[in-house]
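Residues per chain are reported as follows:
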Amino acid sequence: MSLTTHSKRDSRIPLLLLAALVVVADRCSKLWIVHHINPGYAITVIPGVFRLTHVLNTGAAFSLFDSASPIVVRDSLIAFSVIAVIIVLGMLWRVGRDLSLTGIALALILGGAVGNLYDRVRFSHVVDFLEVHIVHYHWPDFNVADSCIVIGACLLLIEIFRPQQN
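A brief report on the enclosed structure follows. (Residues numbered from 1 in each chain as written. Predicted model: local features only at pLDDT ≥ 70, side-chain atom pairs only at ≥ 80, totals over all residues. Heavy atoms only, no water.)

Focus on the nonpolar core
We apply this condition: Here, the term nonpolar core denotes a set of buried Ala, Val, Leu, Ile, Met, Phe, Trp, Tyr and Cys residues that are joined through side-chain atoms within 4.5 Å. Partly exposed describes any residue whose relative accessible area lies between the buried limit of under 20% and the exposed limit of over 50%, with all areas from a 1.4 Å probe on protein chains only and scaled to the type maximum. In this description a helix means any DSSP run of H or I spanning at least four residues, a strand means any run of E spanning at least two, and both kinds are numbered starting from the N terminus. Whether two residues are in contact is decided by their heavy atoms, any of which lying within 4.5 Å being enough.
If you look at the biggest cluster of nonpolar residues, it comprises 12 residues: Leu-15, Ala-19, Ile-78, Val-85, Val-88, Leu-92, Leu-106, Ala-107, Ile-109, Leu-110, Ala-113 and Leu-117. Within the residue set of this core, elements represented by two or more residues are helix H2 (12-36), helix H3 (70-95) and helix H4 (101-123). Looking at this core element by element, the count peaks at 6 residues for H4. With residues up to four places along the chain from it excluded, the contact list for Ala-113 reads Val-85 and Ile-149. Core analysis: the second largest hydrophobic core is formed by 7 residues, Ile-33, Leu-52, Leu-130 and Phe-142 among them.

What follows is the structure in structure tokens.
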């Protein structure tokens, strides 16, 4: 083995720190919302485009399954989230030795999944607070954790479709 192989830094710890940073950012933003905006209310940031809201989401992403049995939905989402966290953590540990777009994507997804899982376990709901309108389209309210999951998924898609170097 060459000297460069031995001196190569393992990127798993920095990637796990990125995931932890996502969890902290998610918790801090949700705490700010809970302490500054009453549930059901909003603060307009950009009229007709962007508001900070306070929505308690007991369903899945975009409030899917919100009308189903709350206990069944909560327990199912917690179980799914725990499985997802374990799988993503395993994938991150496997590919995280080298710093890559895939590793960053997985760290973002892991942090987002843990952030929303914490809310579901502790409060039985997730606080959503980012509301976006684009022309006549209203995007369902979301949060920092959701944003990081989506950004991570998009980075994975970019990695999948990016031409591979030989």
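Observations concerning a nonpolar patch on the surface
Stated precisely, the cut-off is as follows: Patch definition: residues with relative accessible area over 30% and no salt bridge; like charges joined within 9 Å; nonpolar side chains (Val, Leu, Ile, Met, Phe, Trp, Tyr) joined within 5 Å. A 1.4 Å probe and the Shrake-Rupley method give the accessible areas. Residues count as covered only by the protein chains that appear here. Take a side-chain nitrogen of Lys or Arg and a carboxyl oxygen of Asp or Glu: if they are within 4 Å of each other, that pair is a salt bridge.
A surface patch of nonpolar side chains, amounting to about 400 Å² of accessible area, comprises Trp-32, Ile-43, Val-45, Ile-46 and Val-49. The element contributing the most residues to the nonpolar patch is strand E1 (residues 42-46), with 3 residues. Take Val-45: it is sitting in strand E1.

Section: the side chain of Thr-102
Structurally, Thr-102 is set in helix H4. Given the relative accessible area of 19%, Thr-102 is considered buried. Not counting residues within four places of it along the chain, the set of residues in contact with Thr-102 comprises Val-95, Leu-156 and Glu-159.

Topic: the sheet that holds strand E4 (residues 137-142)
Where we set the bar: Here, strands pair whenever DSSP counts at least two bridges between them. Note on geometry: axes are lines fitted to C-alpha atoms, helical ones only across the stretch in contact, with angles between N-to-C directions running from 0 to 180 degrees.
An order of E1-E2-E3-E4 is seen for the 4 strands of this open sheet, with the pairing classed as antiparallel. Both outer strands of the open sheet, E1 and E4, are each paired with one neighbouring strand and no more. When strand polarity is set aside, the average angle formed by the axes of neighbouring strands in this sheet is 30°. Taken together, the 4 bridges between E1 and strand E2 (residues 50-57) define a ladder with antiparallel strand orientation. Opposite Thr-44, over in E2, you have Arg-51 as the bridge partner. Sitting on the sheet, helix H5 (residues 144-161) touches strand E3 (126-134) and E4, and the angle it makes with E3 is about 65°.

None of this, on its own, says anything about what the molecule does.
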